[in-house]
Structure formats: C-alpha cells, structure tokens
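The residues making up each chain are set out below.
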Amino acid sequence: MQITQRNPVDNARPEFCAGRKVSETHKALLWHLLNDDPTCPSRMVLHAIAEEQVQISVTLRQINRLRKAWGLHRGKGRPRRSGGQKKI
C-alpha cells in the first residue's frame, strides 16, 4: 500500500472557503485613502483605487469591513445640515 504525501505547494494556497485576502501594503493604501476623507462613500474609494497605478482587487464589502474595524465608518442615514438649520 502506497502512502500519499501532500505537495508543499498545495499547503501554500488558501483554503477554498478562505476567500481573497488583502495584503498589508494594500491595507496601507486603503488606510491612506480612508483616513484622508472618512466621510467619502466606499464607492468613491473604489473609483479612487481604480485610478491608482497599483491595481488592487478589493471588493466593496472588504472596504466596509476594514472601515468598521478601523473606526472610519460614515454616520448612518442621510447627512445632516451643518449648524442644525431647518428648511423654511
């Protein structure tokens, strides 16, 4: 009976359900973009990433998760008027 050995290259790949991972350098770029303007919508961050020279494959969900983890999320709901002025 022959014993099968796993190829070490197979262990280097992530598991099937692990999903895509964001590298540390890409996280640093995202941190820079989100820290510059925390009120910027995530869709606009995606457009800014697309215009960068370095291509990052990141999803909207990943950006939102990183925003929450870093405490850079926008307030919930419609933006309020500055100074508490009401429409007359």
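What comes next concerns the included structure.

The rules behind these values
- Residues numbered from 1 in each chain as written.
- Predicted model: local features only at pLDDT ≥ 70, side-chain atom pairs only at ≥ 80, totals over all residues.
- Heavy atoms only, no water.
- Helix = DSSP H or I, 4+ residues; strand = E, 2+ residues; numbered from the N terminus.
- Buried < 20%, exposed > 50% of the residue type's maximum accessible area, 1.4 Å probe, protein only.
- Contact = heavy atoms within 4.5 Å.
- Areas by Shrake-Rupley, 256 points an atom, 1.4 Å probe, with all protein chains shown as cover.
- Core = buried A, V, L, I, M, F, W, Y, C linked by side-chain atoms within 4.5 Å.

### Digging into the overall build of the protein chain
Turning to step 1, where the next piece is worked out: Of the regular secondary structure elements, the protein chain holds four helices and zero strands.
Turning to step 2, where the next piece is worked out: Traced from its N-terminal end to its C-terminal end, the protein chain shows the element sequence α-α-α-α.
Turning to step 3, where the next piece is worked out: By the burial criterion, 17% of the 88 residues in the protein chain qualify as buried.
Turning to step 4, where the next piece is worked out: Partitioning the intrachain contacts of the protein chain with sequence separation of at least 6 by distance along the chain shows that 58% fall at a separation of at least 24.
Turning to step 5, where the next piece is worked out: Surface summary for the protein chain: the accessible area is close to 8200 Å², and the carbon and sulfur share equals 52%.

### Quick notes on the nonpolar core
Soluble globular proteins: nonpolar side chains tend toward being buried together.
Turning to step 1, where the next piece is worked out: Val-22, Leu-30, Leu-33, Leu-34, Cys-40, Val-45, Ile-49, Ile-56, Val-58, Ile-63, Leu-66 and Leu-72 together form the largest nonpolar core, which totals twelve residues.
Turning to step 2, where the next piece is worked out: Counting residues per element, the ones that place at least two in this core are helix H2 (24-36), helix H3 (42-51) and helix H4 (60-70).
Turning to step 3, where the next piece is worked out: Here the element with the most residues in this core is H2; it accounts for three residues.
Turning to step 4, where the next piece is worked out: Sequence-distant contacts of Leu-72, that is, excluding residues within four places in its chain, are made with Trp-31, Leu-34, Asn-35, Pro-38 and Arg-67.

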